[in-house]
Amino acid sequence: MASLRSPSSPSDGYKRFSDDFANSSINNYGSNVTNSRTGDGGGDTNTLDMGSRSSLHTGLQMSEDEHWEMNYHEAAIYLEEGLNNEKFDSHPSSPEELPAYLRVHNPWYHGLDLLASLVLILLAFTEDPAVPAFELPVWAHGTIELLALTVIGIELHLKLKWIGWGTIFKHKRTMIKGLTLLIMLLEAVVVLCRQSSHFRVTRALRPIFLVDTRHCGGVRRFIRQILQSLPPILDMLGLLMFFVATYSLLGYYLFSEHIDNGHFRTLSDSFVSMFVLLTTANFPDVMMPSYAKSKWYAVFFILYIITVLYVLMNLMLAVVYETFTRIEREKCRALLLHRRGAARRAFRLLVSRRAPHAVKLRHFVGLIRHYAPHYSGLDVYLMFKQLNQSTTGGLSRTEFANVYEVFALRWAPQTSRAPWYAESPLEPLGRAAAVIVYRPYFEYVIYALIIGNGLAMVLRVLEAAGDLQDSARLLCASWDTWLFLTLFLIEAGLRIMASGLSAYLESGWNVFDLSVTLLALMGAVLLTIAPKLFIVVMFRPLRLMRLYKLKKRYRDVFGTLVLLSPLMSSAGCVMLVMYYFFAIIGMELFAGYNLRNCCINTTVEDFYKYSENSSTPLGYYYLNNFENILTSGVTLFELTVVNNWFILMNAFASVAGQLSRLYFMVFYLFTMVVLTIVVASVLEAFRFRIQYKRSTTKRDEEKLLHEEVHTSWEEAQRIGATGDLAEQLRTYLPPGIDVTFIGTRPRTKEVLQRRMYQTEIQKWLAEEDENDELQPSTTVTSSEDPLSPPLIQQPDGDNHHIRSGYQL
């Protein structure tokens, strides 16, 4: 489909508007607006039809057409700020601020910013202590660091050019990023001048730059949810630490005189032992020496475990879950109202004086030309029609507020829903495949084949083989493997012939089936060529996962995983950022310590015994160190699992001092907080899906995910489709024929939330409308420019400056 953008218009927004400022006339960018026009509804020519004026025109002499283009562009910026959840106080308010804004919001610059941030992260592999394979001289990694920081500094400088130094204090993330950048620039210069690295724990702050990039919005939202969930977590941690300290004190007085129990010799030893016991990593080792003295001492440890682990820890999860659920609903509300506020600001810039309460089609076209230039004229017209439920030919403020909902729709004529093979040479094959696939027994046959494939694998596993190569070949490259893979490929071919490739790939299960079949086929070929490539034996059993679709509980689990995939990716990034942070600190603190044969005369001595000739399995614990970023990551993962984590902590306490225990304890608390929130998010998503399935029928979901628009060529002309838009619509709207188009939106959690929270959404919108009506304001008329619209002046106590085109 053709784009709405004029062929003569440059593709870069900044260049386009720079050319507008330099020229005395505008090319209209495919719009139907001229300097002498009749307006929205006809009338006298040379009538200035401007409504609200864009704040980006200040101080510039422009024609009305140029002002409209400015309005379209600023309205598009408002919608982008609403979509990205950006604060409106960073909105560009003058022509001088616009170039910097457009540069920073350019997709190419977003990619460059992401690249610079990733380079900074990866420098940890090359700096001392470096991974041997990636080590670079100081001048090399220092220069790379300085260049990456310069790129990030340019982005920050451009951002400050439009938000201003006064506004930066309201943007805490920008302020933190600026301070971190300044510190790292100074340190990078010092490293280059000295040609040697120094104690640089601030390297742990490098992920700040990555998190602040446009591509990591989901990560920032997850971190924000963690921070919002912290108050109840800290409350429960305070209660938890109270019981740990109380039991530690009691344990000291009960067991410090037991010579065989070295876990309670001092108060600090007692506290560390009870803190570790919170994770059950040293249970029952810490109990057994005292248990040998008296069986009644077991009551102390049992009561402690029940109190802190089974009661308080589960209460913490319950509190975090309740808080997370409330935050999730509040996030939905805040995002909805923020986007509604952005739509209202855009609406004020798109109405004209002749139609002050409605956005006409040509102004909507102008908006989309700047907001989403990749949309075709048909897409824009259908979006306008879908929004215009009142069929008045203009979008009211209430209708325009739903503009974000139509951006996700993908339109297709209703006739395209006919079988893909209709009126094609493959129609006989397609019809035959459809008859086979849509038979009730077809699915049962496929499940029987999958079960047969599983039984064949079991028989191959039980079959005796000469060696590993023969066993792997029998399991994944024997004749039965080729038979079942051929049948599965025939199944995929029949489904594709029956529904078409695009419809086939819309099903996640179909994509899974085809993927694992092709992987198993590739594995069979590789095992035939390279018999020692044992890793491919995992591909054939994956097809058995299709059987889990038969049970509803498993379908709910897999459906929850699909809903959780964006959140889980964000949570994974947060975990990696946390690992990077603690790995850098661990390398700075502990990289110089050798754990071989350390910890003499301690309880963990046996775990670190090392001999070049022989070593016991326990003696390999010396490998858990912080000699480089990769080894540090493995060590931190072992600490996350918490099995025997106190052995690592005690070893570093022995060689680096007792205060080093704080590092390991703080890391455990951080991981516990993050993982607790991850568990709460999984529970919330599962509960949300179950409630959604119970309250929504298939028909309701079909209505939610699909929209119908009925239109005709005559209606498009009546609404105002002229010029280039009319030429594009003529192809799809034959005169005298009504055409139906189907709009499909993706099945995301955000879409499903609108269904689940529809009662709350109506309440939120009603409250906002009520507050908006009660908000006092003073209308001021500019005497300097007779064309300027009414300006909204905020009452005392809010902002004291006046900005045009800023409020409805």
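Residues numbered from 1 in each chain as written. Predicted model: local features only at pLDDT ≥ 70, side-chain atom pairs only at ≥ 80, totals over all residues. Heavy atoms only, no water.

Rules: UniProt positions are given in the numbering used here, feature names are shortened, and annotations may be inferred rather than shown by experiment.
If you check an unreviewed UniProt entry, the protein chain appears there as Ion transport domain-containing protein from Pieris macdunnoughi. Taken verbatim from the UniProt record of the protein chain, the Subcellular location (unreviewed entry) comment is "Membrane".

## Overview of the packing of aromatic side chains
Counted only if it meets this: Side-chain rings of Phe, Tyr and Trp, where Trp is taken by its six-membered ring, are said to pair if the distance between their centres is within 6.5 Å; with planes under 30 degrees apart they count as stacked, over 60 as edge-to-face, and otherwise as tilted. The rule is simple: take the accessible area with a 1.4 Å probe, protein chains only, and divide by the maximum for that residue type; under 20% is buried, over 50% is exposed, in between is partly exposed. Think of it this way: any DSSP run of H or I at least four residues long counts as a helix, any run of E at least two long counts as a strand, and we number them from the N terminus.
If you walk through the whole model with that rule in mind, you get 38 aromatic pairs. Relative to Tyr253, the ring of Tyr252 has its centre 5.2 Å away and its plane inclined at 70 degrees; by these criteria the two rings are edge-to-face. Accessibility expressed as a relative area gives 63% for Tyr253, which makes it exposed. With a centroid separation of 6.5 Å and an interplanar angle of 15 degrees, the aromatic rings of Tyr375 and Phe407 are classed as stacked. With Tyr375 in the loop between helix H12 (361-371) and helix H13 (377-387) and Phe407 in helix H15 (residues 403-407), the pair connects residues that are 32 residues apart, well separated along the chain. Take Phe407: its relative accessible area is 8%, and that puts it in the buried class.

## Some thoughts on the sheet that holds strand S3 (residues 739-744)
What counts, and what does not: Two strands pair under a simple rule: DSSP has to find at least two bridges between them. All axes here are fitted lines through C-alpha atoms, helices being fitted over the stretch that makes contact, and every angle between N-to-C directions spans 0 to 180 degrees. Contact between two residues is taken to exist if any of their heavy atoms lie within 4.5 Å; hydrogens are not considered.
If you trace the 3 strands from one edge of the open sheet to the other, you get S1-S3-S2, paired in antiparallel fashion. Where the open sheet ends on each side, the last strands, each with one partner, are strand S1 (410-413) and strand S2 (706-711). On average, adjacent strands in this sheet sit at an angle of 25 degrees to one another, irrespective of strand direction. Here S1 runs beside S3; their pairing, made up of 4 bridges, is antiparallel. Looking at S3, one finds that Trp411 is bridged to Gly743. Contacts from H13 reach S1, S2 and S3 within the one sheet, and its direction differs from that of S2 by about 100 degrees. Contacts between helix H26 (residues 698-705) and the sheet are confined to S2 and S3, with S2 contributing the most and set at about 55 degrees to the helix.

## Details of the packing of helix H19 (residues 479-499) against helix H21 (residues 508-529)
Counted only if it meets this: Helix crossings get a hand from a simple test, with the near helix turned counterclockwise from the far one by less than a right angle marking a left-handed crossing and a clockwise turn marking a right-handed one. Asp, Glu, Lys and Arg are counted as charged, while Ala, Val, Leu, Ile, Met, Phe, Trp, Tyr, Cys and Pro are counted as nonpolar; the rest, among them Gly, fall into the polar class.
Look at H19 against H21: their axes get within 10 Å of each other, and the N-to-C directions meet at 150 degrees. For the pair H19 and H21, the crossing hand works out as left-handed. Contact residues: Thr481, Trp482, Leu485, Phe488, Leu489, Glu491, Ala492 and Arg495 in H19; Asn510, Asp513, Leu514, Thr517, Leu518, Ala520, Leu521, Ala524, Val525 and Thr528 in H21. Looking at the contact of H19 with H21 residue by residue, the classes come out as 11 nonpolar, 4 polar and 3 charged.

## Overview of empty space enclosed by the protein
Quick reminder of the rule: Only protein atoms enter the 1 Å grid used here, on which a cavity is any set of points holding a 1.4 Å probe that cannot leave and a pocket is any open set flanked by protein within 12 Å on both sides along at least five of seven lines; residues with an atom within 4 Å of a point are listed as lining. Grid points are joined across faces, edges and corners, and a volume is the space filled by probe spheres set on the points.
Evaluated as defined, the whole model comprises 3 cavities of 30 Å³ or more. Reported here for the second largest cavity is a volume of approximately 50 Å³. Forming the boundary of the second largest cavity are Asn453, Thr481, Phe484, Leu485, Phe488, Val516, Thr517, Ala520, Arg540 and Arg543. Among the elements of the structure, H19 and H21 are those that each provide at least two residues to the lining of the second largest cavity. Of all the elements, H19 adds the most residues to the lining of the second largest cavity, at 4 residues. Looking at the lining of the second largest cavity residue by residue, the class counts come to 5 nonpolar, 3 polar and 2 charged.

## A short note on helix H9 (residues 267-277)
Taken together, the buried positions of H9 are Ser270, Val272, Ser273, Met274, Phe275, Val276 and Leu277. Buried residues along H9 sit against helix H8 (217-255), helix H11 (298-350), helix H24 (645-656) and helix H25 (661-695).

## Re the packing of helix H2 (residues 64-83) against H11
For any two helices packed against each other, one specifies the crossing angle of their axes together with the interaxial distance. Threshold: Throughout this description, any angle smaller than 35 degrees is read as roughly parallel, any larger than 145 degrees as roughly antiparallel, any in the 65 to 115 degree range as roughly perpendicular, and the remainder as oblique.
Packing of H2 against H11 brings their axes to within 8 Å, and their N-to-C directions diverge by 180 degrees. Taken together, the axes of H2 and H11 are roughly antiparallel relative to one another. Judged by residue contacts, Trp68, Asn71, Tyr72, Glu74, Ala75, Tyr78, Leu79, Glu81, Gly82 and Leu83 of H2 engage Leu335, His338, Arg339, Ala342, Ala343, Arg345, Ala346, Leu349 and Leu350 from H11. When its residues are assigned to classes, the contact of H2 with H11 shows 12 nonpolar, 3 polar and 4 charged.

## Some words on the confidence of the model for the protein chain
Short version of the rule: Per-residue confidence from the prediction method is given by pLDDT, with values spanning 0 to 100.
When pLDDT is averaged across the protein chain, the result is 80; 86% of the residues are at 70 or more. Low confidence marks residues 774-808, where pLDDT is under 50. Its contacts with residues over four positions away, or in another chain, come to 61 contacts.

## Let's talk about the UniProt feature "transmembrane region" (unreviewed entry) in the protein chain
This chain's UniProt record puts "transmembrane region" (unreviewed entry) on residues 236-255, 267-284, 296-321, 444-462, 518-539, 560-582 and 662-686. Regarding residues 518-539, the helix share stands at 55% and the strand share at 0%, and the terminal C-alpha atoms are separated by 9 Å.

## Some points on the state of the cysteines
Keep this limit in mind: Note that a disulfide, as used here, is simply two cysteine sulfur atoms within 2.5 Å.
This model, assessed by the stated rule, comprises 0 disulfides. Looking at the unpaired Cys573, the closest cysteine sulfur is the one in Cys216, lying at 6.2 Å.

## Observations regarding the side chain of Glu69
Put simply, the rule is: Each polar contact in these results corresponds to two N or O atoms within 3.5 Å; when the atoms are within protein, one needs to be able to donate a hydrogen and the other to accept it, and residues that are neighboring in sequence are counted only if both atoms are side-chain atoms.
Structurally, the position occupied by Glu69 is in helix H2. Among the polar contacts listed, one links the side chain of Glu69 to the side chain of His370, at a separation of 3.0 Å.

## Points about the layout of surface pockets
In this model, the second largest pocket occupies a volume close to 1,800 Å³. As for the second largest pocket, its lining consists of 41 residues, and the residues nearest its centre are Ala503, Glu506, Ser507, Gly508 and Arg747. Looking at the lining of the second largest pocket, the elements that each hand over two or more residues are S1, H19, helix H20 (501-505), H21, helix H22 (552-590), H25, H26 and S3. Looking at the lining of the second largest pocket, the element that brings in the most residues is H22, giving 6 residues.

## Comments concerning the side chain of Ser712
Within the fold, Ser712 resides in the loop between S2 and helix H27 (713-719). Of the residues examined, Ser712 reaches a relative accessible area of 9% and is grouped as buried. When residues no more than four places from it in sequence are discounted, the contact partners of Ser712 are Tyr381, Leu733, Ile737 and Asp738.

## Some points on the environment of His357
Inspection of the secondary structure puts His357 in the loop between H11 and H12. Here His357 falls in the exposed class, since its relative accessible area comes to 65%. Measuring from C-alpha to C-alpha, the distance between His357 and Ser396 comes to 6.0 Å, with 39 residues separating the pair along the chain. Excluding residues that lie within four positions of it along the chain, His357 makes contacts with Phe347, Leu395, Ser396 and Arg397.

## Points about the pattern of salt bridges
If the charged atoms of two oppositely charged side chains come close together, the side chains can form a pair. Inclusion rule: When a carboxyl oxygen of Asp or Glu is within 4 Å of a side-chain nitrogen of Lys or Arg, the pair counts as a salt bridge.
The full count for this structure, using the stated rule, is 27 salt bridges. Note that Arg203 is salt-bridged to Glu127, the shortest N-O span being 2.7 Å. Here Arg203, found in the loop between helix H6 (172-194) and helix H7 (207-211), pairs with Glu127, found in the loop between helix H4 (107-122) and helix H5 (138-163); they are 76 residues apart in sequence, far enough to count as distant. Given a relative accessible area of 3%, Arg203 falls into the buried group. Taking the relative accessible area as the measure of exposure, Glu127 reaches 2% and is therefore buried. A salt bridge links Arg495 to Glu443, with the shortest nitrogen-to-oxygen separation between them at 2.9 Å. Separated by 52 residues along the polypeptide, Arg495 in helix H19 and Glu443 in helix H17 (residues 440-462) bring together distant segments of the chain. For Arg495, a relative accessible area of 9% puts it in the buried group. Look at the salt bridges and you will find they share partners, linking Glu127, Glu145, Glu187, Arg200, Arg203, Arg206 and Glu588 into a network.

## Focus on a nonpolar patch on the surface
This is how it is decided: Patch construction takes residues with relative accessible area above 30% that form no salt bridge. Like charges are linked within 9 Å, and nonpolar side chains (Val, Leu, Ile, Met, Phe, Trp, Tyr) are linked within 5 Å. Surface accessibility in these figures is a Shrake-Rupley result with a 1.4 Å probe; residues are shielded only by whichever protein chains are displayed.
Taken together, Ile302, Ile306, Tyr310, Val311 and Leu315 make up a surface patch of nonpolar side chains, about 460 Å² in accessible area. Within the fold, Val311 resides in helix H11.

## A short note on unusual backbone geometry
Omega for the bond connecting Asp128 with Pro129 falls within 30 degrees of zero, at 0 degrees, which places this linkage in the cis form. Within the secondary structure layout, Pro129 lies in the loop between H4 and H5. Of the consecutive residues Phe283 and Pro284, the connecting peptide bond is found in the cis state with omega at 10 degrees. Even without being glycine, Gln195 reaches a positive phi, approximately 55 degrees. Topologically, Gln195 is positioned in the loop between H6 and H7. Given the relative accessible area of 40%, Gln195 is considered partly exposed. For Thr280, which is not glycine, the phi dihedral falls at a positive 65 degrees.

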